[in-house]
Structure formats: structure tokens, C-alpha cells
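Residue-level structural notes
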Amino acid sequence: MSTKRFHLGWFMNFTPDEWRTPFGTGGRPWDGRFYVEMAQALERACFDYIMIEDKLMVPQTFGGSTELSLRNAMMVPKHDPAPLAVAMGMATTRLGIVATMSTLAYPPFLLARLCSTIDSLIGGRFGWNIVTSAEDLAAQNFGLDRLPPRELRYEMADEYLDVVRKLFDSWDSNAVVLDREAGIYADHARVRPIDHVGKFYKVRGPLNTVPSPQHRPVFVQAGGSPRGRDFAALHSDSIISVANGPESMKAFRDDIRVRAAKAGRNPDDVKVLFCITPTLGEDADDAREKHRRMVSAPHFITDILASISAITEIDFAQFDLDLPLPHRLVTNGEQGSLDKFQQYGSGKTLRELVVGGAGGLVSSLELVGTPDHVAGLMAEAMEHVGGDGFLITTPVLRVSRGYVVEIADGLIPALQRRGLTRTVYAHPTLRENLLDF
Ligand SMILES: Cc1cc2nc3c(=O)[nH]c(=O)nc-3n(C[C@H](O)[C@H](O)[C@H](O)COP(=O)(O)O)c2cc1C
């Protein structure tokens, strides 16, 4: 029987690493080096990609103040993912590097040029996590008073994607001739303006960069609402998601595949990866004790509540921890993440929502145990879901060196022994590696 392999990503928050522990780099100013070394560890474990998450504000929703975010380093500081992607890409040779950039923040020409440049610099391993931004606080850094409503954000993003695709295609792949004898660098007949005039954007083109190894970056997306899923299914090479257990993972992936087929795509070209936060131990007791310590740490609950507050702009400090949420909460921000968190109708108290599973925000499965036990649970879940892989992270998104090593040198070898994840990269580019199985 042949085992179906699955893909691996890492959901990386670009804040300081786990500075509270005695083993973090808490004494040093932020310099990004930790994350470059982390990329090298993930390449050792043959991950498809590391995804650098991003936000464009200092959160101040929780308790109506920036205090908790800044005091606990929750979703802040966040440095620019694009230069980090280059540093990571230069320090690795096969790992895909995905950076988050918002359609709200970048004019499409600059975004396309940046993506093309990075993809050339790192040899065809760059991906763009397409976000439309989800917070008024972010919008206010870009000349707006409010975030546009979700439908409008996605309508704008559809046109945005149309523009950047045209820009990537504004140079034929054979436009660079590099003929020294004839004295021709590029054939001007193979480079054309795009003359895009739409509802939201007006861009002349052509792009002023040479075609990059992947021609366009790998597109990654995380839309969770019906409109967001249509957008993701139409455009993405890989979709990242958070679900509640194998049933909801399967339902999400099946739904995406139907939407992709309706959009005229081969659903196998859209790799759906689910966030998980494994807690690993030497034996089952050790793992359970680590998990207990994590969720009972004094800052755990406030950290989770501060992050869900930041991405929904709903102040969770107002709710009683020992009661269920008073009604189904709605946001113009990350509704999918909110729905996953609030589990409306479950009757769980807010405290139970936070500590349930492996931390309620970014964990699709409860995974606590030895590397081999967790590998078995991941295998079972993937078998049920049908594919395509997992995106590893931590409940509060801060990560320690120790955790990276446990995953890269404990969990992944256990998966590899079962034939579930790759032991060697088959291709030089991220897109080819994603499409390999
Ligand atoms: C796993 C995951 C990762 C995400 N990463 C980011 C991110 O880095 N930056 C961001 O602004 N939004 C991020 N989002 C939010 C999505 O881009 C999107 O705004 C959100 O899911 C709301 O989409 P929806 O309205 O279609 O549900 C992420 C969402 C998920 C589920």
C-alpha cells in the first residue's frame, strides 16, 4: 500500500521569539536572526514553506489600550516581512519563503515588482500571502478612516490580482535575450504595457523587472468567509486555514475543491494546509505536563484574548471568562478565525474556548504526545480529510528555539519514517514542490 504524502508549512509570527523563557533571546534587541536560523531548521526537515504572517498596526482593542500588546509583545513588534524573506531565502536553498503583503497597503505595481525581485533573488522560492487587511487600525495607516467592507475588499482584491497577473505577463518568458554579439539584452517586442483601466486601479505597465524563475510568486490565501473562499479557490496555489477537528477540516477542503472546480481549476492544484500546534514530550505524561504548564501560564489567557481582539477588533476584555459568549459575534475583520474561536452554540465558557484543544485560536486538532504518537494522529486526520497538509505553529504564535528543534528533529523524522512527508526536495522551485504530490 502506498502512503499518500502531505505538505508542511510553518505559520510564523514576526514578533520576538519566546523571550519569557530562560532559553529565548530575550536579552538581545530584535534583529531577525532567530528566524533566519529557524528557516534553516525547517529546510533540514524538508518543509514546503515558511509563511511570515503580518499585520500593519499596533493593536489596541483589548482593554481599549496598547498596553497589553506592548507589555507582552503580542502581535507587536512586527517588522517588514519582505527583507526577512530575502534574508531567509539567501540562507537556504530549497525552502519556500512566503511573505504576507496587503492589497490595502501596496499599489499593485510595487507589489508585483517586489515579488518578482524577491523571486529572482531567492531562485524561484517566493510566495505571497494575499491579505486584504482586516482592521480599521491598519486602514488608518493608509489614509482611510475605516476598513472597507469585506465584499468591497474582495472585489478590489479580484481586480488587484488581475492587474498583478497582467504585470507578471508583461514580459514574455523569453524576453531577456542576453545576446552579446548582437548587443541585445532584452527584445523590446516581447515586453508590453498592460494599459489596465479598471474600477479601482489604473496601471500602464510594463513591469520593469525581468521575469523571475517562477514567473509569478506562489499565491497563498486564507479567506474563510464564503466570499473569501471563492477568492482563495480562484487564485491560490495554497490555502491556509484553521478548523475544529477532522470533520471541519474535511468540510472546508471539500468546499474549496468544489469552488476551485467551479472556477475552472484543477482542485489538485490548490493545496489546503491546516494550522496545528503540537505539544511534544519524551513520553505521554511529559507531553501532557508541558501542555498543562503552557495553558496555565499566567499570561496564556490574556495573550490569546489579546490576539483574537486584535484581529477582530472586538474587545474580549469585556466578557466574563466563566460564561459563554453572550451572542454570536460578528466582525468586518477576520470572521473565519472568529467563528473557529467562538464555536457558537457549543455552550463553552470563554475560558474553555481559550484552553480547549491545544489553545483555541490556531489549532485545528488536539495533538499532545510523543513525536510518534502525534505523527500517528496527523496521519489519521489527513487520511480522513484527503490532503493536503499542515501548517505548524504555536498557540500564542511566539516560538522558542527548543520548539523548532522538537518539530524539525523530533516530529518530522517521525512523519518521514512513516513515509508521510518528503525526505528530499525534488525540485528547485516552491511551486514545483507544491505540485509534486
Ligand atoms: C491561518 C491564517 C493566517 C492568516 N494570516 C494573516 C496575516 O498574516 N495577515 C492578515 O492580515 N490576515 C491574515 N489572516 C486573515 C485572512 O487573510 C483573512 O483576512 C481572514 O481569514 C478573513 O477572511 P474572511 O473574511 O474571508 O473570513 C489569516 C487567516 C488565517 C486563517
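Scroll up a little and you will see the structure.
Residues numbered from 1 in each chain as written. Predicted model: local features only at pLDDT ≥ 70, side-chain atom pairs only at ≥ 80, totals over all residues. Heavy atoms only, no water.

1. Digging into unusual backbone geometry
Gly205 connects to Pro206 through a cis peptide bond whose omega is -5°. With respect to the helices and strands, Pro206 occurs in the loop between strand 8 (202-203) and strand 9 (218-221). Following Gly387, the chain continues into Asp388 via a peptide bond in cis, with omega recorded as 0°. Note that Asp388 resides in the loop between helix 13 (371-385) and strand 14 (389-392). For Met75, which is not a glycine, the phi torsion comes out positive at approximately 60°. Residue position: Met75 is located in the loop between helix 2 (67-72) and helix 3 (81-90). (Helix = DSSP H or I, 4+ residues; strand = E, 2+ residues; numbered from the N terminus.)

2. Considering the site of the ligand
Lining the immediate surroundings of the ligand are 20 residues, of which Glu53, Asp54, Arg150, Tyr154 and Ser225 lie closest. Asp54 is positioned with one of its backbone polar atoms (N or O) 2.7 Å from a nitrogen atom of the ligand. With respect to the ligand, the backbone of Gly336 contributes an N or O atom lying 3.3 Å from an oxygen atom. Compared with its free state, where it exposes 610 Å², the ligand has 95% of that area covered by protein. Elements represented by at least two residues in the shell around the ligand include exactly strand 4 (126-131), helix 6 (150-168) and helix 11 (335-342). (Near = heavy atom within 4 Å. Polar contact = N/O pair within 3.5 Å; in protein donor to acceptor, adjacent residues only side chain to side chain. Areas by Shrake-Rupley, 256 points an atom, 1.4 Å probe, with all protein chains shown as cover.)

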